[in-house]
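Structure assessment
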Amino acid sequence: MILEVAILDVIPDKTEAFEQNFESAQRILSRMEGYAGHQLRRCMEKTGRYVLLVNWETVEHHTVGFRQHPLYQEWKSLLHAFYDPFPTVEHYQPLFAFSGPAFQP
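Bear in mind that the values here come from a model prediction, so they are computed numbers and not experimental data.

**Some words on the sheet that holds strand β3 (residues 49-56)**
Spatially, four strands are ordered β2-β3-β1-β4 in an open sheet, and the strand pairing comes out antiparallel. Strands at the two margins of the open sheet, each flanked by one partner only, are β2 (35-42) and β4 (88-92). Across the sheet, the mean angle separating the axes of adjacent strands is 15° when strand polarity is ignored. Relative to β3, strand β1 (residues 2-9) is paired through eight bridges, and the arrangement is antiparallel. From the neighbouring strand, Asp9 faces β3, where its bridge partner is Arg49. Along the sheet face, helix α2 (residues 59-66) touches β1, β3 and β4 and points at about 140° away from the line of β4.

Rules behind the numbers
Residues numbered from 1 in each chain as written. Predicted model: local features only at pLDDT ≥ 70, side-chain atom pairs only at ≥ 80, totals over all residues. Heavy atoms only, no water. Pairing = 2+ DSSP bridges. Helix = DSSP H or I, 4+ residues; strand = E, 2+ residues; numbered from the N terminus. Axes fitted to C-alpha atoms, helices over the stretch in contact; angles between N-to-C directions. Contact = heavy atoms within 4.5 Å.

Here you go:
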């Protein structure tokens, strides 16, 4: 499982419209082969900053399957005009994971 991490800086006076458009755009994302879930989170410290976390089976499911899919053009038209600057996108592979009560070394 690969985690795509995108830092999204949205033009501050356009955050409401961005969130509305993202509600539609996420339906496109969830239809892609290799998609395994996502979260959009709003930054508490910086107005207009979001982080998009998407789980993919492989990097190629994102970089090829999603970005070269015909519906990607719709995704772009819904969201890309809101960013300034354009998002930084990186992919992460699992190394360590822990969830539950406090970790006991």
